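One-letter residues, chain by chain:
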Amino acid sequence: MRHIPAKCLHVSTPTWWLESRFHFSFAEYYNPANQEFGVLRVLNDDLVKPQAGFGTHGHRDMEIFTYIVDGKLTHRDSIGTSETLGRGSVQYMSAGTGIRHSEMNNGDDLLRFLQIWIKPDRYGLKPNYGSRVFKKDDRHNKLQHVLTDFKRYESEKDAGEGVIPIHQDCNIYVSEADAGVVQDFVLAKKRQAYMVCIEGKLSLSEKVQLDFRDAVEITAGAVEDLPLKLKADENVGAHYIIIEMALA
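Residues numbered from 1 in each chain as written. Predicted model: local features only at pLDDT ≥ 70, side-chain atom pairs only at ≥ 80, totals over all residues. Heavy atoms only, no water.

(A) View of the side chain of Asp214. Along the chain, Asp214 turns up in the loop between strand 19 (208-210) and strand 20 (215-219). As a buried residue without a salt bridge, Asp214 has its nearest oppositely charged side chain in Lys7, at a separation of 8.8 Å. The residues contacting Asp214, other than those within four sequence positions of it, are His3, Ile4, Pro5, Ala6, Met195, Val196, Cys197 and Gln209. (Helix = DSSP H or I, 4+ residues; strand = E, 2+ residues; numbered from the N terminus. Buried < 20%, exposed > 50% of the residue type's maximum accessible area, 1.4 Å probe, protein only. Lys, Arg positive; Asp, Glu negative; His and termini not counted. Salt bridge = Lys/Arg side-chain N within 4 Å of Asp/Glu carboxyl O. Contact = heavy atoms within 4.5 Å.)

(B) Representation of the UniProt feature "binding site: Fe cation" (unreviewed entry) in the chain within the structure. Taking the numbering used here, the UniProt-annotated feature "binding site: Fe cation" (unreviewed entry) corresponds to His57, His59, His101 and Glu103. A maximum C-alpha distance of 12.9 Å is found for the annotated residues, which run over 47 residues; spatially they form one tight group. Ignoring sequence-local partners within four residues, the contact set of His101 consists of Gly55, Thr56, His57, His59, His75, Arg76, Asp77 and Met93. Following the sequence through the fold, Glu103 ends up in strand 10 (residues 99-105). (UniProt positions renumbered as here; feature names shortened; annotations may be inferred.)

(C) How the structure looks around the packing of aromatic side chains. On inspection of all chains with the given rule, the structure shows seven aromatic pairs. When the centroid spacing of 5.2 Å and the interplanar angle of 45° are considered together, the rings of Phe24 and Tyr194 count as tilted. Within this pair, whereas Phe24 is found in the loop between strand 3 (18-22) and strand 4 (40-48), its partner Tyr194 is found in strand 17 (residues 191-200), the two being separated by 170 residues in sequence. A single burial state applies to Phe24 and to Tyr194, both of which are buried. Between Phe37 and Tyr194, the aromatic rings sit 5.8 Å apart at their centres with planes inclined by 50°, giving tilted as the arrangement. With Phe37 in the loop between strand 3 and strand 4 and Tyr194 in strand 17, this residue pair connects regions lying 157 residues apart in the sequence. Assigned by exposure class, Phe37 and Tyr194 land together as buried. (Phe/Tyr/Trp six-rings, centres within 6.5 Å; stacked < 30°, edge-to-face > 60°.)

(D) Structural detail: the sheet that holds strand 12 (residues 128-132). Strand order across the open sheet formed by seven strands is 2-3-4-11-6-9-12, with antiparallel pairing between neighbours. Of all strands in the sheet, those with a lone pairing partner are strand 2 (10-15) and strand 12, marking the two edges. If you compare each strand with its neighbour and ignore which way they point, the axes differ by 20° on average. Bridge count between strand 4 and strand 11 (residues 111-118): eight bridges; the pairing is antiparallel. Bridging from a neighbouring strand, Val42 pairs with Trp117 of strand 11. (Pairing = 2+ DSSP bridges. Axes fitted to C-alpha atoms, helices over the stretch in contact; angles between N-to-C directions.)

(E) Structural view of the pattern of salt bridges. Applying the stated criterion to the full structure yields 16 salt bridges. A salt bridge links Glu176 to Arg87; the nearest nitrogen and oxygen atoms lie 2.9 Å apart. Taken together, the residues span a long stretch of sequence, with Glu176 in strand 15 (residues 170-177) and Arg87 in the loop between strand 8 (82-85) and strand 9 (90-94) at a distance of 89 residues. Its relative accessible area of 29% is what places Arg87 among the partly exposed residues. Across the salt bridge formed by Lys229 and Asp184, the nearest N and O atoms sit 2.8 Å from each other. With Lys229 in strand 21 (residues 226-232) and Asp184 in strand 16 (residues 182-187), this pair connects stretches of sequence that are 45 residues apart. Shared partners join several salt bridges into a network, and the residues in it are Asp70, Arg87, Arg139, Glu176 and Glu199.

(F) Structural context of unusual backbone geometry. Even without being a glycine, Asn141 presents a positive backbone phi close to 55°. Tracing the backbone shows Asn141 in the loop between helix 1 (136-139) and strand 13 (144-149). Judged by relative accessible area, which is 28%, Asn141 ranks as partly exposed. Here the phi dihedral of Glu206 falls at roughly 60°; this positive angle occurs in a residue that is not glycine. For Glu206, the position within the fold is in the loop between strand 18 (202-204) and strand 19.

Listed below in structure tokens is the structure:
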């Protein structure tokens, strides 16, 4: 396990309305020693002020997943989608051969979201967009499975409900745990995971203490699974995300 304190993240303030924390090399933050973790290429923790946001811009050949923490995110794209999502909801795009979109905070409150880029298992995919509106009960004191590999399904068509399928051997789990709640998670052999404490605090198998915005890289061995105990702080609880994937 490698602990990554929040103070080590690069803080980007390129304009008056945006404050971002980059977990990996991105935009003006160039660090060849911190380009990615397995298929996880980008994890940005973004704060967007009211009545502002990311204007229309393009992406290609990337699986993009956005998890809304606070406020309302309004999305519009070049394939005809337009919607506004709130806390606990997710949006995703297979950028594929090319897609353009905007991400705006049209409300009066601060918007916070995590944007995660995962490298696809192949290039040239047909662009696709989808979303899920999850309730707190879906992740309250349990690990909610929100994203997985298309190969677990019979077709590449998204059913529009349940776990979100993307084009990569990757799984994402989220949880919002009350104070002192302990949850078990098994990282299978030859797998790795990146975990972020979104809110609150938690301990990881009594070996790593994660504070607000801290992260940790976890790698299982080649022979045995790695059981983990995730304990939310006794006073403030914990809201966290786990991105699990094949060992690079």
